[in-house]
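Listed below, chain by chain, are the residues.
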Amino acid sequence: MPTSSASTTDSARSSANGGVQSLERAFDLLERMADAGGEVGLSELSASSGLPLPTIHRLMRTLVACGYVRQQPNRRYALGPRLIRLGESASRLLGTWARPYLARLVEETGETANMALLDGDEIVYVAQVPSKHSMRMFTEVGRRVLPHSTGVGKALLASFPAEEVRALLHRTGMPAATEKTITTPDGFIAALEDVRRQGYAIDDNEQEIGVRCLAVSVPDSPTAAAISISGPAGRVTETATDKIVPVLQQVAAELSEALASQSPAS
């Protein structure tokens, strides 16, 4: 497709940090689309990014041609299917980086360790290291669950504004996995207040009877992530919780540092 000299100049222009300005703008628009729920109009992108409409239109046309964005019948733009493959590969890599830290959790707590991400309105497990006990918990990597019945879900949503949490719960519903599952928005918002006060989240027989889970978020993760340990309620007792939570918090901090070191310097 022929390109005007003005467009060519803009594409090649370097930004202040040595990057290509048009690339930086395109990725910024993709992230803004994700923050807006995956579908936006050009005027919304212009208002949030400060870029002129002609610039946004040119960038979006390129992203559509590449399959990273698609244009809806209503003329709005949505994240495209080609991003799915990139996201799945990135999730697997993130899980690979996390495995040594999860192995440490298993060594120090004796329980199964997991890492999970918030993907849209769902929790997806991206890594696990199983306990060495004969009786242990097992969650298949790639499994998706709703956040309201999990410790990792609470840990991840504790940093979200209450109105965003309520909107998510409205979209997903709050089906009961067990008789102990929290099934009201007010009850879940109160549980998130406990997470913020305590510094960790608990799933107390809420996803599966007989299983307790302790979870913390990974600070400053490039995508919302949490790590957890899970085990039989008879082992993950209140006394065990006092010993396990500091280990979880320390490992989460170290994992955060490791992930930051994988990012290019600004």
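This structure is a prediction, so every number in the text was calculated from the model and none was measured.

In this section: the confidence of the model for the protein chain. Here the protein chain averages 84 in pLDDT, and 85% of its residues register 70 or above. Below pLDDT 50 for its whole length, residues 1–15 participates in 15 contacts with residues either more than four positions away or in separate chains.

Here the focus is helix H2 (residues 21–35). The end-to-end C-alpha separation of H2 is 21 Å, in line with the 21 Å expected for 15 residues at 1.5 Å each. Of the positions making up H2, those classed as buried are Gln21, Ser22, Ala26, Leu29, Leu30 and Met33.

Our focus in this paragraph is the nonpolar core. The biggest cluster of nonpolar side chains holds 28 residues, and the ones touching the most others in it are Leu102, Leu105, Met115, Leu214, Ile227 and Leu248. Every element with two or more residues in this core is listed here: helix H5 (82–109), strand E4 (112–119), strand E5 (122–129), strand E8 (211–217), strand E9 (225–232) and helix H9 (238–261). Looking at which element gives the most residues to this core, the answer is H9, with nine residues. Membership of the second largest hydrophobic core comes to 23 residues, among which are Ile123, Leu168, Ile189 and Ala215.

Counting through the fold element by element, His148 comes out in the loop between strand E6 (144–145) and helix H6 (151–157). A relative accessible area of 1% means that His148 is categorised as buried. Within the structure, the side chain of His148 is placed 2.8 Å from the backbone oxygen of Pro175, a separation counted as a polar contact.

One way to put it is that helix H7 (residues 162–172) packs onto helix H8 (residues 185–198) with a least axis distance of 10 Å and a crossing angle of 135°. When the axes of H7 and H8 are compared, the pair comes out oblique. Two packed elements cross with a definite hand, and for H7 against H8 that hand is right-handed. Facing H7, whose interface residues are Ala162, Val165, Arg166 and Leu169, H8 presents Pro185, Asp186, Phe188, Ile189 and Leu192. Counted by class, the contact of H7 with H8 contains seven nonpolar, no polar and two charged residues.

Next up on the list: the sheet that holds strand E2 (residues 69–71). With respect to topology, three strands assemble into an open sheet ordered E1-E3-E2, the strand pairing being antiparallel. The open sheet has two edge strands, strand E1 (39–40) and E2, and neither has a second partner. Relative to strand E3 (residues 77–79), E2 is paired through three bridges, and the arrangement is antiparallel. Residue pairing for E3: Val69 is matched across the bridge by Leu79. On the sheet, H2 packs against E1, E2 and E3 and is oriented at approximately 90° with respect to E3. Across the sheet, helix H4 (residues 53–66) is in contact with E2 and E3; its angle to E2 comes to roughly 105°.

For the rest of this paragraph, the subject is the environment of Leu146. Along the chain, Leu146 falls in the loop between E6 and H6. Given a relative accessible area of 22%, Leu146 falls into the partly exposed group. Remark: the alpha-carbon pair of Leu146 and Gln207, spanning 61 residues in sequence, is separated by 9.7 Å. If we ignore the near neighbours within four places in the chain, the residues touching Leu146 are Glu122, Thr172, Gly173 and Pro175.

On to the pairing of E5, then. Look at any regular strand and the pattern is simple: side chains alternate between the two faces of the sheet. When you tally the buried positions in E5, you get seven out of eight residues, the bulk of the element. The pairing of E4 with E5 spans seven bridges and is classified as antiparallel. For Asn114, the partnering residue across the bridge sits in E5 and is Gln128. Hairpin remark: E4 followed by E5, antiparallel, with two residues in the connecting loop; positive phi at Gly120, about 65°. As judged from the two bridges shared by E5 and E6, these two strands associate in the antiparallel manner.

Attention now goes to the sheet that holds E8. Here six strands make up an open sheet; going across it, the order is E6-E5-E4-E9-E8-E7 and the pairing antiparallel. In the strand order of this sheet, the two ends are held by E6 and strand E7 (201–204), each with one partner. Strands in contact with H9 are E4, E8 and E9; relative to E8, the strand with the most contacts, it is inclined by about 35°.

The rules behind these values
- Residues numbered from 1 in each chain as written.
- Predicted model: local features only at pLDDT ≥ 70, side-chain atom pairs only at ≥ 80, totals over all residues.
- Heavy atoms only, no water.
- pLDDT = per-residue confidence, 0-100.
- Contact = heavy atoms within 4.5 Å.
- Helix = DSSP H or I, 4+ residues; strand = E, 2+ residues; numbered from the N terminus.
- Expected span 1.5 Å × (residues − 1).
- Buried < 20%, exposed > 50% of the residue type's maximum accessible area, 1.4 Å probe, protein only.
- Core = buried A, V, L, I, M, F, W, Y, C linked by side-chain atoms within 4.5 Å.
- Polar contact = N/O pair within 3.5 Å; in protein donor to acceptor, adjacent residues only side chain to side chain.
- Axes fitted to C-alpha atoms, helices over the stretch in contact; angles between N-to-C directions.
- Parallel < 35°, antiparallel > 145°, perpendicular 65-115°, else oblique.
- Left-handed = near helix turned anticlockwise from the far one by under 90°.
- Nonpolar A, V, L, I, M, F, W, Y, C, P; charged D, E, K, R; others polar.
- Pairing = 2+ DSSP bridges.

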